[in-house]
Amino acid sequence: MSVTLNENISQLAQKDIRELETKIEAFKTGQIDEERFKAFRLARGVYGQRQLGVQMFRIKLPYGKLTGEQLVRIADLSEQYTNGNLHATTRQNIQLHYVHLDDTPEMWAKLEETGVTTKEACGNTVRTVTASDIAGIDPNEPFDVSPYAEAVTQYFLRNPINQEMGRKIKMAFSSSEKDSAFTYIHDFGFIPKIENGQRGFKVVIGGGLGAQPFIAETAYEFLPEDKIIPFIEAGLRVFDRYGEREKRFKARMKFLIEEKRGLGVAKFMELVNDVQKSLANHSVPVELAEELQAAPAPKDLPEFAAADERLYQEWLDTNVFEQKQKGFYAIKIKLPLGNISSEKARKLVALTEGYVADDYRISISQGIILKFARPESLPYIYHVLSTLDLAQPGSDTIIDITACPGTDTCNLGVTNSTAISEILEDMIYKEFNHLVKDSDIHIKISGCMNSCGQHMIANIGFHGSSIKNGNLVIPALQTVIGGGVDASGKGFVADKVIKLPTKRIPDAMRTLLTDYEDNGKDTEYYNDYYIRQGKKYFYDLLKPFANLETITEDDYKDWGETETFVPEIGTGECAGVTYDMVGTIINDAKEKLALGKEAFEAGYFADSIYHSYSTQVIGAKALLLSKDVKCNTHIGIIKDFDTYFYENGEVKLNSTFEAQVLKINNNEPTKEFAKSYLAEADEFFQQVLDIRKQQIEAGNLDKEVLNPYRA
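Description of the structure in this document. (Residues numbered from 1 in each chain as written. Predicted model: local features only at pLDDT ≥ 70, side-chain atom pairs only at ≥ 80, totals over all residues. Heavy atoms only, no water.)

Observations regarding the overall build of the chain
Across its full length, the chain holds 22 helices and 23 strands. With the principal axes as the frame, the chain shows a C-alpha extent of 80 × 65 × 55 Å. Taking all 711 residues of the chain together, the buried fraction comes to 60%. Entry remark: accessible area of the chain is about 28,400 Å², with carbon and sulfur atoms responsible for 49%. (Helix = DSSP H or I, 4+ residues; strand = E, 2+ residues; numbered from the N terminus. Buried < 20%, exposed > 50% of the residue type's maximum accessible area, 1.4 Å probe, protein only. Areas by Shrake-Rupley, 256 points an atom, 1.4 Å probe, with all protein chains shown as cover.)

And the structure:
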């Protein structure tokens, strides 16, 4: 049954939803193989989870911004289609779990009715653009970066340049030099600056976490505000052309920019300059909103019970701060493990409406920030949050532990990151309560090394692992220390110190905190203390907890489990190698050609040109694979095609294939060039079809090959 689409949904979104419906049906009837369909659905936010038969549905929320209506709609969908839980992520998204595939088009349609999308929430695309969750209200910000994050999001949503890259791209905007958005671990990071009265950004590139963390390199100390989108587009073109596509562990932008094994920053920037002529826009000004328009009008308070003064003050001390707009306050809501029930989400909106701005900002620490509360409203808001069990103190402190879902739902999860987080939060609150207000320690936990919990930028972090002991396996957590951002805004990546059984982590944490209290200097930042003592000091401090001679039966059970630990690691869908047929890849080229013609007719000449480029590269790739030639990068495909097909005369062109394809760099995206380039792509594609037909007639049948357009 086809989904009913509301007239409020944009035509582009309607087309996307109909396409998802069609692809689901084609997959169910065997017209699309599973791996091919996986790549398609991921780019629509539909992600397989650990439990068979259900999906995780990721909702794309640029810089975490939600209106009350949007939050209520997500809560309603969660209750209607899933388990009734909303999970906030470190990338300011909301994820719904236990979703049935057939329900996703209707869920997407209902989200679009309120202006929310899932398009490009997963897959090899530009992911959600994050920003400091206090952007717009940060007392230290030179200006509000939110409009810039929004503009970047909209510019690259559905942009043909970033639909099928070798891997995902992540971007972040910090509100100030304090780098509360962790720009230093992003592919593109932006820190606001004003020079000679002009707005602009310090730009960093090539950061990343995962198994091999990289700190981003500086591309510009100052780039005018209207130049950031053209720079991103040029950078994406270079990444799309030169980035690795076959070896997944090298497929992120950080490896392309690495000096030793990649291009290096200087060469990357040179290539960025080379593609400037092909850009449709060399200046993209950003419309700025009135910063105070979000402030609600004064509103009478209802009657409510007085709060416990001690608990209220503790909440004020840790969860409330005055905004840059004097007389208004922001409230940080600590969501346990990033979770909030649909019922609580609805009540939160209903009971706070009119007392805070219509801006429920998902924070990087997996919470919610309310803005523009008047001081006289704070006791009432605390009362509301208390009734919803959302007034826990310590937001964004040592007891606000960031944790990914781990083995709860993720295929890649090795250990349970959620249960140990709850154990540690409770222990620290009871035994080290004074550190909640008096320290700047952040703890982050990931269920595996891939860092969805951002453990490598924690002062104290852990990631899921295991320890072999005879015939049995002990669930373990790799302990890392020294990550995060210092007071000056300098970013650090943590050191791996020692691997410990999970059941010994609470005692190890007690030891770390007690040692810090006993030996740290007054007001000494924890990372400074770590550097002063050295990695070996901390290894020796924790080594007794790694002693396997004292292992008990309980150590073989992970937190939250009753059975002996058995590693069960699946294939993560952001990491999976897919398999495809040469013929299917040719069909990909055919689709790109059709999109190129469609874009040309609609007057989108820059889009048409990039589709023509993709048609030629993908078509060339198909033929190269038919000869067992590796296709690691677009630039490699372009050069190898000349070697294997042009130089021997198998393909007839007016110039080398490289010269023909890379005309894209040397021409402005005019109607005339778009028309001629599309014609060349069409003619080339016809030759691809003819050659493939001859190959099949000669017995060179379709075969499985590595697909560089993996999820």
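Examining the packing of helix H14 (residues 505–519) against helix H15 (residues 526–533)
Remark: H14 packs on H15, axes separated minimally by 11 Å, with the N-to-C direction vectors making an angle of 85°. As summarised for this structure, H14 and H15 are arranged roughly perpendicular, according to the angle between their axes. Contact residues: H14 offers Leu512, Asp515, Tyr516 and Asn519, while H15 offers Tyr526, Tyr529, Arg532 and Gln533. Residues that form the contact of H14 with H15 fall into these classes: four nonpolar, two polar and two charged. (Axes fitted to C-alpha atoms, helices over the stretch in contact; angles between N-to-C directions. Parallel < 35°, antiparallel > 145°, perpendicular 65-115°, else oblique. Contact = heavy atoms within 4.5 Å. Nonpolar A, V, L, I, M, F, W, Y, C, P; charged D, E, K, R; others polar.)

What to know about the pairing of strand E3 (residues 85–88)
For E3 and strand E12 (residues 339–341), the ladder comprises three bridges, and the chain directions are antiparallel. Each residue of the ladder has a partner; that of His87, found in E12, is Asn339. When E3 meets strand E4 (residues 94–99), the two strands line up antiparallel, connected through two bridges. Directly across from Ala88, in E4, lies its bridge partner Ile94. (Pairing = 2+ DSSP bridges.)

A short note on the sheet that holds strand E17 (residues 460–469)
Pairing in this open sheet of five strands is mixed, and the strands run E15-E16-E17-E18-E21 from one edge to the other. The sheet terminates laterally at strand E15 (402–403) and strand E21 (495–501), the two strands that pair on one side only. Strand contacts of helix H12 (residues 417–431): E15, strand E16 (443–446), E17 and strand E18 (472–481), with the helix running at about 160° to E16, the strand carrying the most contacts.

Some details on the state of the cysteines
What the rule picks out here adds up to zero disulfides. Cysteine Cys410 remains unbridged, with the sulfur of Cys448 as its closest cysteine sulfur at 6.0 Å. What makes Cys410 partly exposed here is its relative accessible area of 25%. (Disulfide = S-S within 2.5 Å.)

Quick notes on the sheet that holds strand E8 (residues 198–205)
Strands belonging to one sheet form pairs held by backbone hydrogen bonds; the direction of such a pair is parallel or antiparallel. Spatial ordering of the open sheet is given by E5-E6-E7-E8-E9, a layout of five strands whose pairing is mixed. Here the strands that pair on one side only, and so sit at the sheet edges, are strand E5 (130–131) and strand E9 (217–224). Helix H8 (residues 265–274) contacts E8 and E9 of the sheet and is inclined by roughly 40° relative to E9.

Quick notes on the pairing of E16
Two faces make up the sheet, and in a regular strand the side chains alternate between them. Residues Ile443 and Ile445 of E16 are buried on one face, and the alternating residues Lys444 and Ser446, pointing to the opposite face, are buried as well. Bridge count between E15 and E16: two bridges; the pairing is parallel. Paired with Ala403 across the two strands is Ile445, which belongs to E16. Alignment of E16 against E17, held across four bridges, turns out to be parallel. Within the sheet, the bridge partner assigned to Lys444 lies in E17 and is Gly461.

Side note on the packing of helix H6 (residues 228–242) against H8
Running from N to C, H6 and H8 cross one another at 110°; their axes reach a closest spacing of 9 Å. As the angle between them shows, H6 and H8 are arranged roughly perpendicular. Seen from H6, the contacting residues are Phe231, Ala234, Gly235, Val238 and Tyr242; seen from H8, they are Phe268, Met269, Leu271 and Val272.

Let's talk about the nonpolar core
Phe173, Phe188 and Ile205 are the most contacted members of the largest nonpolar core, which totals 81 residues. No other element matches helix H18 (residues 605–626), which puts 10 residues into this core. If you look at the next biggest cluster of nonpolar residues, it comprises 59 residues, including Leu20, Ile32, Ile362 and Tyr382. (Core = buried A, V, L, I, M, F, W, Y, C linked by side-chain atoms within 4.5 Å.)

Describing the side chain of Thr114
Within the secondary structure, Thr114 is located in the loop between helix H4 (104–112) and E5. Separated by 2.9 Å, the side chain of Thr114 and the backbone oxygen of Leu111 make a polar contact. Setting aside chain neighbours within four positions, we find Thr114 in contact with Glu69, Gln70 and Arg73. (Polar contact = N/O pair within 3.5 Å; in protein donor to acceptor, adjacent residues only side chain to side chain.)

Points about the environment of Asp540
Following the sequence through the fold, Asp540 ends up in helix H16 (residues 535–542). The partly exposed category is assigned to Asp540, whose relative accessible area is 38%. Distance from Asp540 to Lys202, taken between C-alpha atoms, is 40 Å for residues 338 residues apart in sequence. Of note is the side chain of Asp540, whose polar atom sits 2.8 Å from the side chain of Lys536.

Some details on empty space enclosed by the protein
Within the structure shown, the criterion is met by three cavities of 30 Å³ or more. What the largest cavity holds in volume is close to 70 Å³. Contributing to the lining of the largest cavity are 12 residues, with Pro160, Glu164, Asp240, Lys592 and Ser614 lying nearest its centre. Here the lining of the largest cavity gets three residues from one element, more than from any other, and that element is H18. Residues that form the lining of the largest cavity fall into these classes: six nonpolar, three polar and three charged. (1 Å grid on protein atoms, 1.4 Å probe; cavity = no way out; pocket = protein on both sides within 12 Å on 5 of 7 lines; lining within 4 Å. Points joined across faces, edges and corners; volume = space filled by probe spheres on them.)

The values reported here are purely geometric and, on their own, carry no functional implication.
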